[in-house]
Amino acid sequence: MRLSPTLSTYIGRQFVFWVLGTFAAIMAIVFLLDVIELLRRGAGKDGAHFGVLVEMAALKLPSMGQQILPFAVLFGSMLAFTRLTRTNELVVARAAGISVWQFLMPAIAVALLLGALKVGVVNPISSVMTARFNVLEDTILRNRVDSFMTVGQGGLWIRERTESGQHVVHALAARQNDAELANVLVIRFGHNDEFLERIDARTAQLGAGYWELRDAVVTSAKGRPDPRGSIRIPTRLTIQNIQDSFASPETMSFWELPGFIRILENAGFSAVKHRLYWHALLASPLLLIAMVLIAATFSLRLTRRGGTLLWASSGLFTGFLLYFMSDIVFALGLSARIPEVLAAWTPATVTMLLGLTSLLHLEDG
């Protein structure tokens, strides 16, 4: 027997109501906690007004929503299925010959749609708002505006303020392992942004507090080139600082990440973090479907037997366990101990298989 459109719409509407209601409740709590935390961090800092801090919390909200959505789907699905079971609506549907797989289809379709919207629509919006949040956090809460670095099609660009002024470093390529740049151009400016000199070098090696430029040619403000074998310019950067200064994957849209990954790899830097994040986004619709199956496992049968406390506790435990295990797998992927594709898809795949196995055992066993 096929599930009727009317019943499909009804079940889908119940699922959307409970999932979005759960999501909204969790997001409201998270927003309140973020505002309180930002007020604590901004106490005594110039420019940390209440309106700005509330704006920062709002800018952070879409990023937090992407992390919360799987748990909202899990708990909202459990509430929806429990409500349908307690009112005997699913019992009547079963008596009419509708299997558990048929009345799960509307919920799975909605979860798939939510996952697609998260990846294709919410993530690009979240990336822009997260980038704005990071700028406000650096300038207002951290006072960190002395250096920054960008990577583009033309190579690597670094600007850094020093005691004598500031300098801009450009390199066409880089080797991450020994922090060496190739085909380097350095332009030095004074405190009043007056041009001091230009340095062209074959390579630049990052040492402890300095860049060592080899085969360098120094051109002064008078335009006179002066070939030198090796010179040093001061810096406060380390290879870890340079890596951390790359655009965080959370500030990159799902559609922009593939191109940015190619730019990073062409510049000689590791793009493991960005590839892992991109594949995790791809796997997120599958993870939401897996959460629906896990929720069905804990609510369809246990509630009918009166195990309300048991299914609620089991659902909470499962949600936190999945979150903990996902973090472990992602950490292994970031450390390159396992391929990033495997690290990104393992939580969703394993959760899906667990949900399918449990439902097959409980409902069709």
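Residues numbered from 1 in each chain as written. Predicted model: local features only at pLDDT ≥ 70, side-chain atom pairs only at ≥ 80, totals over all residues. Heavy atoms only, no water.

Visitor: Sorry, what's going on with the overall build of the protein chain here?
Guide: A tally of helices and strands in the protein chain yields 9 helices and 7 strands. Considering the protein chain as a whole, with its 365 residues, one finds that 45% of them fall into the buried category. At a minimum sequence separation of 6, the contacts of the protein chain that also span at least 24 residues come to 62%. Of the roughly 18600 Å² of accessible surface on the protein chain, 64% is carried by carbon and sulfur atoms. (Helix = DSSP H or I, 4+ residues; strand = E, 2+ residues; numbered from the N terminus. Buried < 20%, exposed > 50% of the residue type's maximum accessible area, 1.4 Å probe, protein only. Contact = heavy atoms within 4.5 Å. Areas by Shrake-Rupley, 256 points an atom, 1.4 Å probe, with all protein chains shown as cover.)

Visitor: Hey, could you run me through the confidence of the model for the protein chain in this one?
Guide: Note: predicted coordinates in regions of low pLDDT should not be interpreted at a detailed level. Of the residues in the protein chain, 87% reach a pLDDT of 70 or more, and the chain-wide mean stands at 82. Element-level pLDDT for the protein chain is lowest in strand β1 (residues 147–152), with a mean of 61, against a maximum mean of 91 in helix α1 (residues 5–42). (pLDDT = per-residue confidence, 0-100.)

Visitor: Help me out: how do you make sense of a nonpolar patch on the surface in this one?
Guide: Residues F317, L321, F324, M325, I328 and L332 make up a contiguous nonpolar surface patch of roughly 560 Å² in combined accessible area. Counting through the fold element by element, F317 comes out in helix α8 (residues 308–334). (Patch = residues over 30% accessible without salt bridge, like charges linked within 9 Å, V, L, I, M, F, W, Y side chains within 5 Å. Salt bridge = Lys/Arg side-chain N within 4 Å of Asp/Glu carboxyl O.)

Visitor: Please explain empty space enclosed by the protein as it appears in this structure.
Guide: Sizing a probe to match a water molecule and rolling it over the atoms shows the empty space that remains. Enumeration according to the criterion identifies 2 cavities of 30 Å³ or more in this entry. If you trace the second largest cavity, you find it lined by T162, S164, G165, Q166, H167, R188, F189 and L196. Breaking the lining of the second largest cavity down by element, the ones donating at least two residues are β3 (165–175) and β4 (180–189). When residues in the lining of the second largest cavity are grouped by element, the largest group, 3 residues, is from β3. A class-by-class count of the residues in the lining of the second largest cavity yields 2 nonpolar, 5 polar and 1 charged. (1 Å grid on protein atoms, 1.4 Å probe; cavity = no way out; pocket = protein on both sides within 12 Å on 5 of 7 lines; lining within 4 Å. Points joined across faces, edges and corners; volume = space filled by probe spheres on them. Nonpolar A, V, L, I, M, F, W, Y, C, P; charged D, E, K, R; others polar.)

Visitor: Please clarify how the nonpolar core should be interpreted in this entry.
Guide: Generally speaking, a soluble globular protein has its nonpolar side chains buried in company with each other. The biggest cluster of nonpolar side chains holds 36 residues, and the ones touching the most others in it are V73, L104 and V292. Among the elements of the structure, α1, α2 (50–86), α3 (89–95), α4 (100–141), α7 (272–299) and α9 (340–363) are those that each provide at least two residues to this core. A total of 10 residues in this core trace back to one element, the largest contributor, which is α7. Excluding residues within four positions of it along the chain, V292 makes contact with F15, V73, S77, F81, L104, A107, I108 and A111. The next biggest cluster of nonpolar side chains, apart from the first, holds 20 residues, and it includes V169, V186, A204 and I233. (Core = buried A, V, L, I, M, F, W, Y, C linked by side-chain atoms within 4.5 Å.)

Visitor: Quick question: what am I supposed to make of the packing of α1 against α4 here?
Guide: Angle between the axes and distance between the axes: these two values describe a pair of packed helices. Relative to each other, α1 and α4 sit at 15°, their axes nearing to 11 Å. Compared by their axis directions, α1 and α4 come out roughly parallel. Handedness of the crossing formed by α1 with α4: right-handed. Residues S8, I11, G12, F15, V16, V19, L38, R41 and G42 of α1 form the contact with α4, whose participating residues are F103, P106, A107, V110, A111, L114, E137 and L141. (Axes fitted to C-alpha atoms, helices over the stretch in contact; angles between N-to-C directions. Parallel < 35°, antiparallel > 145°, perpendicular 65-115°, else oblique. Left-handed = near helix turned anticlockwise from the far one by under 90°.)

Visitor: Before we go on, may I ask you to explain α1 in this structure?
Guide: Each α-helix winds once per 3.6 residues, and so residues spaced three or four apart point in a common direction. Compared with the 56 Å implied by 1.5 Å per residue over 38 residues, the 53 Å span of α1 between its first and last C-alpha is a close match. Along α1, the residues classified as buried are I11, G12, Q14, F15, V19, T22, M27, V30, D34, V35, L38 and G42. Tucked inside the fold, the buried residues of α1 contact α2, α4 and α7. Phi for G44, located one or two positions after α1, is positive at around 85°. (Expected span 1.5 Å × (residues − 1).)

Visitor: Is there a simple way to explain the pattern of salt bridges in this structure?
Guide: Should the charged atoms of two oppositely charged side chains come close, the side chains can pair. Evaluated as defined, the whole model comprises 9 salt bridges. For D200, the salt bridge is made with R198, and the minimal N-O distance between the two is 2.9 Å.

Visitor: Mind showing me how you'd approach unusual backbone geometry here?
Guide: Backbone geometry follows two general trends: most residues other than glycine have a negative phi, and most peptide bonds adopt the trans configuration. In this structure, N183 takes a positive phi of about 55° despite not being glycine. With respect to the secondary-structure elements, N183 resides in strand β4. On the basis of relative accessibility, which here comes to 47%, the residue N183 falls in the partly exposed class. Phi at D215 is positive, roughly 50°, even though this residue is not glycine. Here D215 lies in strand β6 (residues 210–220). Owing to a relative accessible area of 43%, D215 belongs among the partly exposed residues under this scheme.

Visitor: How should the packing of α4 against α7 be read in this particular structure?
Guide: Relative to each other, α4 and α7 sit at 155°, their axes nearing to 9 Å. On the basis of their axis angle, the class for α4 and α7 is roughly antiparallel. Considering the relative orientation of α4 and α7, their crossing is right-handed. In this structure, α4 contributes L104, A107, I108, A111, L112, L114, G115, A116, K118, V119 and N123 to the contact, and α7 contributes Y277, L281, S284, P285, L288, I289, V292, L293 and A296.

Visitor: When you look at the packing of aromatic side chains in this model, what are you seeing that I'm missing?
Guide: The geometry of two aromatic rings is summed up by the distance between their centres and the angle between their planes. All told, the structure shown has 4 aromatic pairs when counted by the stated rule. Seen in terms of ring centroids, F254 and W255 are 5.0 Å apart; in terms of plane orientation they differ by 80°. Their pairing is edge-to-face. Residue classification places F254 among the buried residues on the basis of a relative accessible area of 8%. Centre to centre, the rings of F254 and W278 are 5.7 Å apart; their planes meet at 15°, and the pair counts as stacked. Residue F254 is located in the loop between α5 (239–245) and α6 (257–266), and its partner W278 is located in helix α7; the two are separated by 24 residues in the primary sequence. Take W278: its relative accessible area is 23%, and that puts it in the partly exposed class. Joined through ring pairs, the aromatic side chains of F254, W255 and W278 make up one cluster. (Phe/Tyr/Trp six-rings, centres within 6.5 Å; stacked < 30°, edge-to-face > 60°.)

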